[in-house]
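Chain residues, written in single-letter form:
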Amino acid sequence: MAWIFSCCQWMRALLATGMILLRPSKEMKSRFKSWAWGTSSGSSIMSTTNNKVIWSMESSSANNITTTNHLRHVESMATMPSGAGNIPHLNAIVLGEALASEENDLIFPSDDFSRQAHVPSPRKYLEMYKRSIEDPAGFWSDIASSFYWKQKWGQQVYLENLDVRKGNIRIEWFKGGITNICYNCLDSNVEAGLGDKIALYWEGNEPGVDATLTYIQLLHNVCQLANYLKDIGVKKGDAVVVYLPMLMELPITMLACARIGAVHSVVFAGFSAESLAQRIVDCKPKVVITCNAVKRGSKVIHLKDIVDAALFESSQSGVSVDVCLTYENQSAMKKESTKWQEERDVWWQDVIPKYPTTCAVEWVDAEDPLFLLYTSGSTGKPKGVVHTTGGYMVYTATTFKYAFDYKPSDIYWCTADCGWITGHSYVTYGPLLNGASAVIFEGAPNYPNPGRCWDIVDKYQVTIFYTAPTLVRSLMRDSDEYVTRYSRKSLRVLGSVGEPINPSAWRWFFNLVGDSKCPISDTWWQTETGGFMITPLPGAWPQKPGSATFPFFGVQAVIVDEKGVEIEGECSGYLCVKSSWPGAFRTLYGDHERYETTYFKPFPGYYFSGDGCSRDKDGYHWLTGRVDDVINVSGHRIGTAEVESALVSHPQCAEAAVVGVEHEVKGQGIYAFVTLVEGVPYSEELRKSLILNVRKQIGAFAAPDKVHWAPGLPKTRSGKIMRRILRKIASRQLDELGDTSTLADPNVVEQLIALADV
């Protein structure tokens, strides 16, 4: 039977005090008791008072789960989720037994799922979370000890200062510990008897084109590339720029760099030559690794041509690269059709197979850099986020295990590209550190038809499927038949990443794709955090469609007001984190001052995420989007200044201002207000030319969705553009423009409104 409460059957659970108050049926008494506390959590006493059923835990540990200062953000968990107030149609649903349809559904894991989960109940989460906050050194040391360390870290597990008023920002975890993440991803698994287990399933762009690598085969491939890199002079600490599509050679390259202590910087193979050149100039790599071309859907993208242009541009800026290692992707382009520069360009297939399949490991300190990943910034210059080895290794492996409730029998597929942080943490490192079998996909998710994803799920019997709301919304627009024609019976956990997933997309994902039986890990995190920060644990908490639920272990998420004062209970404000976590980034490459200014000066004592967040009466977190000038398009963070700079570089553009607007598929779209050079007329050709300029300089994903002609921009008398007004115009919220009397020229607003549809 479905577990459903009507509006007159309200749930109450005093989890923080070890007591549960309910008005359930007899059947639900048993089911809820075993779910909430777990069957192995000790005996319980059940009594009835005033027609309410009360369970109290005999064990003293239950009484120790109290709402003290370290649990401020979950203070409201003193009551079981009740829908944030007086809600008329509250439903409690057990996975697999009913559809998620109402706005205020609570989606509970089934008994079977929770019974087998790593974190089977709210109580277990609270116990683990409490320890992770009160004893972070002990909590993370215990987890870190399960990895291989050539030498263990010192007595001080971590060192931190997140308060700019107390000196330079500094974060260190496991310093003095000597390890290697490639060794832990590959060698350790081979030594544990997993050598013949499939590490990577590769699915090509065209159906039927595929390949696999076992852990021992992957290790051999990694060692061959690592030996080549050493042979051409790449040493510990040197940068290697990687511009590859989703071939198996991409994670192979990342792991090979890690094996010899080199710092990889993967650039998404959708960025333009100018953007790639920027990154080459900034990190000055010893080598660039790419392939000649890739097919994405029916379109061929000539990656080598883009790299050639970037290398020329970077040489003009004084940074030359001596080696461009190029993989021949035969399905997209043959060798003989590829432009070539002798002495610099080297074919992967000509040299790598000749090297030995064993390579000595370069042991590194936990705080030595692992990779450099550039993310958009509001100043126009991309920020080189630096992640170090030890803490990142421990954090990504742990978040992967618990957020997806990973089991050794799982087949895992994340649709992300390794050019973004998701591909680093949850395509390459997180899965391999857990000895998982992961699917990587070269092609487009709707090619040759919108059912391709579910065809792949059935083909590999995928059990964990992790994707972006953008893809979910895109697939929603096609017939449901593209989903239902496939079995998908293997799926047991779904995941969402990139931006908040709207409740309607959540329900479609849950009801149709997951057949109402798969929990959704709706993860909030960032390039800078290294791993999940706020996420459901699928066996522990009931879910609310669209909410990221509660913080992961060790994460002290707080919401502050504009003055930096923490807000308690139900509220909205700026999402910050106080105290460090192992996966935190350590600096911005070559610019520690910008690191401090961007992330730690806005609210001294906290890491400022740049995101807005609401917390409901039940303690559930709801991300509300960026609060700065960075737009999140399909999970890609794009600085408004970057797009504005690309627009203004057009000879007929005098000024531009870019804002984000809601987009049905991409989450946020790019809306550009453009002021032309005096005397230049508006035209459709010019509009297309401006968009093409952005595509050329940044990439297709940054192209404006709308170019709004602007004879002028709303500015204060000091010259500051009032983006608040532009956002309202872009969103057609014309009755919410607010006071415009402080503008230097208030008439500009009326002109912009009149030109909205031109």
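Keep in mind it's a predicted model, so treat the numbers as computed, not measured. (Residues numbered from 1 in each chain as written. Predicted model: local features only at pLDDT ≥ 70, side-chain atom pairs only at ≥ 80, totals over all residues. Heavy atoms only, no water.)

1. Thoughts on the overall build of the protein chain
Next, step 1: Tallying secondary structure elements over the protein chain gives 22 helices and 36 strands in all.
Next, step 2: For the protein chain, the residues scored as buried account for 61% of the 758 residues in total.
Next, step 3: A sequence separation of at least 24 residues applies to 72% of the contacts in the protein chain between residues at least 6 apart.
Next, step 4: Of the roughly 27,900 Å² of accessible surface on the protein chain, 50% is carried by carbon and sulfur atoms. (Helix = DSSP H or I, 4+ residues; strand = E, 2+ residues; numbered from the N terminus. Buried < 20%, exposed > 50% of the residue type's maximum accessible area, 1.4 Å probe, protein only. Contact = heavy atoms within 4.5 Å. Areas by Shrake-Rupley, 256 points an atom, 1.4 Å probe, with all protein chains shown as cover.)

2. With respect to the side chain of Thr398
Next, step 1: When you line up the elements, Thr398 lands in helix α12 (residues 390-403).
Next, step 2: Taking the relative accessible area as the measure of exposure, Thr398 reaches 4% and is therefore buried.

3. Some thoughts on the layout of surface pockets
Next, step 1: Its volume calculated, the second largest pocket comes out at about 320 Å³.
Next, step 2: Forming the walls of the second largest pocket are 14 residues, and the residues nearest its centre are Ile143, Ser146, Phe147, Leu433 and Asn434.
Next, step 3: Of all the secondary structure elements, the ones that give two or more residues to the lining of the second largest pocket are α5 (136-144), α6 (181-194) and α12.
Next, step 4: Considered class by class, the residues forming the lining of the second largest pocket number six nonpolar, six polar and two charged. (1 Å grid on protein atoms, 1.4 Å probe; cavity = no way out; pocket = protein on both sides within 12 Å on 5 of 7 lines; lining within 4 Å. Points joined across faces, edges and corners; volume = space filled by probe spheres on them. Nonpolar A, V, L, I, M, F, W, Y, C, P; charged D, E, K, R; others polar.)

4. Regarding α5
Next, step 1: Of all the nine residues making up α5, seven are buried; the element is thus mostly covered by neighbouring parts of the structure.
Next, step 2: When we look at burial in α5, the residues that qualify are Pro136, Gly138, Phe139, Trp140, Ser141, Ile143 and Ala144.

5. So, the nonpolar core
Next, step 1: Core analysis: the largest hydrophobic core is formed by 175 residues, its most contacted members being Phe174, Leu218, Leu229, Tyr429, Phe553, Leu647 and Val674.
Next, step 2: Considering each element in turn, this core owes the most residues, nine residues, to helix α7 (residues 215-231).
Next, step 3: Here Val674 is in contact with Leu647, Cys653, Glu655, Ala656, Leu690, Val707, His708, Trp709 and Ala710, once residues within four sequence places are set aside. (Core = buried A, V, L, I, M, F, W, Y, C linked by side-chain atoms within 4.5 Å.)

6. Remarks on the sheet that holds strand β22 (residues 411-414)
Next, step 1: Taken in spatial order, the seven strands line up as β11-β10-β23-β22-β24-β25-β26 in an open sheet, and their pairing is mixed. The two strands at the open ends of the sheet, each matched to only one other strand, are β11 (210-214) and β26 (520-522). Adjacent strand axes in the sheet meet at a mean angle of 15° when their direction is disregarded.
Next, step 2: With four bridges connecting them, strand β24 (residues 464-467) and strand β25 (residues 493-496) associate as parallel partners. Pairing of Thr467 across the sheet is with Ser496, part of β25.
Next, step 3: Contacting β10 (198-203), β11, β22, β23 (437-441) and β24, helix α14 (residues 452-460) crosses the sheet at an angle of about 145° to β10. (Pairing = 2+ DSSP bridges. Axes fitted to C-alpha atoms, helices over the stretch in contact; angles between N-to-C directions.)

7. Side note on the sheet that holds strand β27 (residues 556-560)
Next, step 1: Spatially, four strands are ordered β27-β28-β30-β31 in an open sheet, and the strand pairing comes out antiparallel. In this open sheet, the two edge strands, each paired with only one partner strand, are β27 and β31 (621-626). Across the sheet, the mean angle from the axis of one strand to that of its neighbour is 45°, orientation sign disregarded.
Next, step 2: Direction of pairing for strand β28 (residues 571-578) relative to strand β30 (residues 607-615): antiparallel, over a ladder of six bridges. Bridging across to β30, Cys576 finds its partner in Phe608.

8. Notes on the pattern of salt bridges
Working definition: two side chains of opposite charge can pair if their charged atoms are close together.
Next, step 1: Counted by the stated rule, this structure contains 36 salt bridges.
Next, step 2: The shortest N-O distance in the salt bridge between Lys715 and Glu655 comes to 2.8 Å. A residue pair is termed long-range when its members are at least 10 positions apart, and Lys715 in the loop between β36 (706-709) and α21 (723-730) and Glu655 in strand β34 (residues 653-663) qualify at 60 residues.
Next, step 3: You can call Lys715 partly exposed: its relative accessible area is 25%.
Next, step 4: Between Lys728 and Glu736 there is a salt bridge, with the nearest N and O atoms lying 3.1 Å from each other.
Next, step 5: Take Glu736: its relative accessible area is 40%, and that puts it in the partly exposed class.
Next, step 6: If you follow the salt bridges from partner to partner, you end up with Glu203, Asp210, Arg452 and Lys459 in one network. (Salt bridge = Lys/Arg side-chain N within 4 Å of Asp/Glu carboxyl O.)

9. A short note on the packing of aromatic side chains
Next, step 1: Per the counting criterion, the structure on display carries 63 aromatic pairs.
Next, step 2: Taken together, a centroid distance of 5.2 Å and an interplanar angle of 55° make the contact between Tyr183 and Trp363 tilted. Remark: Trp363 occurs in the loop between α11 (348-351) and β19 (364-365) and Tyr183 occurs in helix α6; sequence separation between them is 180 residues.
Next, step 3: Ring geometry for Trp541 versus Phe550: centroids 4.6 Å apart, planes at 50°, classification tilted. (Phe/Tyr/Trp six-rings, centres within 6.5 Å; stacked < 30°, edge-to-face > 60°.)

10. Looking at α6
Next, step 1: For α6, built from 14 residues, the straight-helix expectation of 20 Å at 1.5 Å per residue is missed by more than 12%, its first-to-last C-alpha distance being only 17 Å.
Next, step 2: Asp187 marks where α6 bends most, by close to 30°.
Next, step 3: Of all the residues in α6, the buried ones are Ile181, Cys182, Tyr183, Asn184, Cys185, Leu186, Asp187 and Asn189.
Next, step 4: The secondary structure elements touched by the buried residues of α6 are β9 (178-179), α7, α8 (249-259), β20 (369-375), α12 and α13 (421-433).
Next, step 5: You can read the cap of α6 off the contacts: a side-chain oxygen lies 2.9 Å from the backbone nitrogen of Cys182, and it is on Asn180. (Expected span 1.5 Å × (residues − 1). Bend = angle between axes of the 7 residues up to and from the residue. Polar contact = N/O pair within 3.5 Å; in protein donor to acceptor, adjacent residues only side chain to side chain.)

11. Observations concerning the confidence of the model for the protein chain
Next, step 1: Confidence along the protein chain averages 85 in pLDDT terms, with 85% of residues attaining 70 or more.
Next, step 2: When the criterion is pLDDT under 50, residues 1-98 qualifies, and its contacts beyond four places in sequence or with other chains add up to 241 contacts. (pLDDT = per-residue confidence, 0-100.)

12. So, the environment of Val319
Next, step 1: Residue placement: Val319 occurs in the loop between α10 (303-316) and β17 (323-327).
Next, step 2: Since its relative accessible area comes to 9%, Val319 is described here as buried.
Next, step 3: Separated by 36 residues in the primary sequence, Val319 and Cys283 place their C-alpha atoms 9.5 Å from one another.
Next, step 4: Apart from the residues lying within four places of it in its own chain, the contact partners of Val319 are Ile280, Val281, Lys284 and Ser314.

13. Section: the packing of α12 against α13
Between two packed helices, both the angle of their axes relative to each other and the distance between the axes serve to describe the pair.
Next, step 1: Contact geometry for α12 and α13: axes closest at 8 Å, N-to-C directions at 90°. Taken together, the axes of α12 and α13 are roughly perpendicular relative to one another. On α13, the residues touching Tyr392, Met393, Thr396, Ala397, Thr399 and Phe400 of α12 are His424, Ser425, Tyr426, Tyr429, Gly430, Pro431 and Leu433.
Next, step 2: The residue makeup of the contact of α12 with α13, split by class, is eight nonpolar, five polar and no charged. (Parallel < 35°, antiparallel > 145°, perpendicular 65-115°, else oblique.)

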